[in-house]
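Breakdown of the fold
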Amino acid sequence: MNRKEIAKVLDECGTLLELKGENPFRANAYHNASRAIQRLEGDLDDLLEQKKLGSVKGIGKTMVEKVEELVETGSLKFLEKLRGEVPSGLVEMLRINGFGPKRIHQAYKELGVDSVEKLKLAASDGRLAGMKGFGKKTAEKVLEGIAFLDESGRRVLYPVARELAERVMEALAGHPAIKRMTLCGSLRRGRATIKDIDLLVASDDSEPIMKQFVELPDVRQIVGHGSTKSSVVLDNGMACDLRVVADKHFPFAMHYFTGSKEHNVAMRARAQDYGLKLNEYELAGEKKNIACKEEEDIFAALDLDPIPPELREDTGEIAAAADKSLPKLLESGDLTGIFHCHTTASDGGATLEEMAAGAKAAGFGYLGLADHSQTAAYANGLSPERVREQQKKIDAFNAKSDGFRLFKGIESDILADGSLDYDEKTLESFDYVVASIHQPMNMSETEMTERICRAIRHPRCTMIGHLTGRLLLHRDGYPLDVETILREAAKHNTMIEINAHPWRLDLDWVNCKRAKALGVKVAINPDAHSVEGIDDTKYGVLTARRGWLEAGDVFNTLPVDEIAKRLRAGKDG
DNA sequence: GGCAACG
DNA sequence: CTGCCGTTGCC
């Protein structure tokens, strides 16, 4: 068992203890230990052998025993016991916003609520509101939370689906009967959340491929097993479809199953204008049949430039492809650096040096550090003194760095009245400021909009962080008039970030497109809290591509010297 | 459950 | 007086 798996087990123990209503500090100890294991440097086995694991902060005698058991047997009796004691419905309820372990436990103990379904009932008929510490309002919030869950269905975040899809494809890849294979559907188009995985294979001999597919270790249940299409449910509950077609049909099937549906409708209409019909098998007229070897041949046959999958939403891409005005979409390699990353100074898991090394290894020429500001006490926000301390460190780092550069930033809370979280003098000491809303979040649309607009007008506010505050599959953003905000941002030369964390992707692609139209520059930031988090930047690039952005629309494609110059000049420069 | 302080 | 260890209270 590796580090990551062990950390996951300990974390689950902590969560189950919480749901059991155990001593919260005991539960927390498991979460702590999990984090400590994840962050461990050096080899776990070595540490274990040398009996040094116990001296790691957050890991005591008991945790060492648990880890030893996991390394030796691959399982943990304690976890099995907990799993037996806590109904699985309770774990599911954790996904309901505003309904934590304590309340779940209470509802279970007092009302026997052990599933989301039963909770819905109890919230509707007033039983939930009748419990001590609960009221009408909490019951309403619970119902809202459940409705949100139902709506988002069994969708998962893009990276989760992507990783799974790649595993399935790898497991099939070696099959001799496969001529070509591709990912289709919303995953290929790069949507932020994904419901199912669509795979397409070209082959003349589908049976053995289908057999291998339905027998993959990741398959939990076989829904359909045919010669052209098979459907399974994977271990994480996701549906996965595999279609096998003849090689000559492959480009048409690939285009058709990539979608979107709306894009396909528009493409068929265009084919009709040419006296042709387009479907998943062919592009054909009364007498002729237009052969296409690749997907782009289909576009060419209809006098269209090839349309990248990310743009296929029928939002103008066909017209643009027709008059050769498709954007030259941003690529990961265009990015020169990133802003908005956290370190151990606030709530990050890696030090300034580690983050810098990580950014450098990722091919970036600079890194902007933006730890939390003083009001964010929950995230160990920086007091003005600690800001100065960090800035000294950055100066020292830059002084002996060869080329790679750190920028002094901050993620400043936007306070309720729209002001930033430091005095003017401290604000001026930063190279840049990312202004974000964390709390309070329950204001009206008008108030929220004005609050953000006021931050945008501040001369030291370089960019707004995670504008809408949405958390995918978890909660919607707070109410905002985004159009007004973008106009204000354009007017005051304030950028908006694309927060690339897979939970956020905020701005979303629709607002990206709008920002571009209004002339608002964006910056793509991973909001990384660890070295690995830096890699999330790629999801921001995907979002930017879906929003039609080109390198010129994105601030962090500029060379480091130009970045430094513009930050120094400020917003009026 | 970890940890520091205490006796 | 020091080092070891169980207890306690806080997180």
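Computed from a predicted structure; not experimentally measured. (Residues numbered from 1 in each chain as written. Chains lettered and ligands numbered in written order. Predicted model: local features only at pLDDT ≥ 70, side-chain atom pairs only at ≥ 80, totals over all residues. Heavy atoms only, no water.)

Let us now look at the UniProt feature "domain: Polymerase/histidinol phosphatase N-terminal" (unreviewed entry) in chain A. UniProt's feature table lists "domain: Polymerase/histidinol phosphatase N-terminal" (unreviewed entry) at residues 337-416, given in the numbering used throughout. Helix makes up 32% of residues 337-416 and strand 20%, with an end-to-end C-alpha separation of 31 Å. (UniProt positions renumbered as here; feature names shortened; annotations may be inferred. Helix = DSSP H or I, 4+ residues; strand = E, 2+ residues; numbered from the N terminus.)

So, on to the sheet that holds strand β9 (residues 283-284). Reading across the sheet, the three strands line up as β8-β9-β10 and stay open at both edges, with antiparallel pairing between neighbours. Of all strands in the sheet, those with a lone pairing partner are β8 (277-278) and β10 (289-290), marking the two edges. Pairing of β8 with β9, which is carried by two bridges, proceeds in the antiparallel orientation. Paired with L278 across the two strands is L283, which belongs to β9. (Pairing = 2+ DSSP bridges.)

This part takes up the pairing of strand β13 (residues 405-408). Pairing analysis gives four bridges linking strand β12 (residues 366-369) to β13, with the strands arranged parallel. Each residue of the ladder has a partner; that of Y366, found in β13, is R405. For the crossover that starts at β12, traverses helix α18 (residues 384-399) and ends in the parallel β13, the hand is right-handed. (Right-handed = clockwise from strand over helix to strand, strands pointing away.)

Our focus in this paragraph is the nonpolar core. Counting residues in each nonpolar core, the largest one holds 59 residues, and the members touching the most others are L367, L406, I464, L467 and I524. Residue contributions to this core peak at five residues, all from helix α20 (residues 445-457). If you look at the next biggest cluster of nonpolar residues, it comprises 46 residues, including C13, L16, M93 and L149. (Core = buried A, V, L, I, M, F, W, Y, C linked by side-chain atoms within 4.5 Å. Buried < 20%, exposed > 50% of the residue type's maximum accessible area, 1.4 Å probe, protein only.)

Here the focus is the protein's contact with DNA strand B. Taken together, 13 residues lie near DNA strand B, and R26, G58, G60, T62 and M63 sit nearest. Among all atoms of DNA strand B positioned within 4 Å of the protein, those belonging to sugar or phosphate total 77%. At 3.1 Å from a phosphate oxygen of DNA strand B is found a main-chain nitrogen or oxygen belonging to M63. The set of elements that each furnish at least two residues to the surface near DNA strand B consists of α2 (24-39) and α4 (61-73). Here the element with the most residues in the surface near DNA strand B is α2; it accounts for four residues. Partitioned by chemical class, the residues of the surface near DNA strand B number six nonpolar, four polar and three charged. (Near = heavy atom within 4 Å. Polar contact = N/O pair within 3.5 Å; in protein donor to acceptor, adjacent residues only side chain to side chain. Nonpolar A, V, L, I, M, F, W, Y, C, P; charged D, E, K, R; others polar.)

For helix α12 (residues 206-214), the set of buried residues is S206, I209, M210, F213 and V214. One side of α12 holds all its buried residues, which, seen down the axis, span an arc of 125°. The elements touched by buried residues of α12 are α10 (158-173), β4 (196-202), β5 (219-225), β6 (229-234) and β7 (239-245). (Arc of directions from axis to C-beta. Contact = heavy atoms within 4.5 Å.)

Let us look at the packing of aromatic side chains. What the rule picks out here adds up to eleven aromatic pairs. Ring centres of Y158 and Y539 lie 5.9 Å apart, and the angle between their planes is 70°; on these two criteria the pair is classed as edge-to-face. One end of the pair, Y158, is in helix α10; the other, Y539, is in helix α23 (residues 537-546), and 381 residues separate them in sequence. Here the two residues Y158 and Y539 agree in accessibility, since each one is buried. Between F339 and F407, the ring centres sit 6.3 Å apart and the planes meet at 35°, which makes this aromatic pair tilted. Highlighted residues: F339 in strand β11 (residues 337-341) and F407 in strand β13, separated in sequence by 68 residues. The two residues F339 and F407 agree in class, both being buried. A network of ring pairs unites the aromatic residues F339, Y366, F407, Y432 and F555 as a single cluster. Looking at K66, its charged tip hangs above the ring of F78, at a distance of 4.5 Å from the centre. (Phe/Tyr/Trp six-rings, centres within 6.5 Å; stacked < 30°, edge-to-face > 60°. Lys NZ or Arg CZ within 6 Å of the ring centre and 35° of its normal.)

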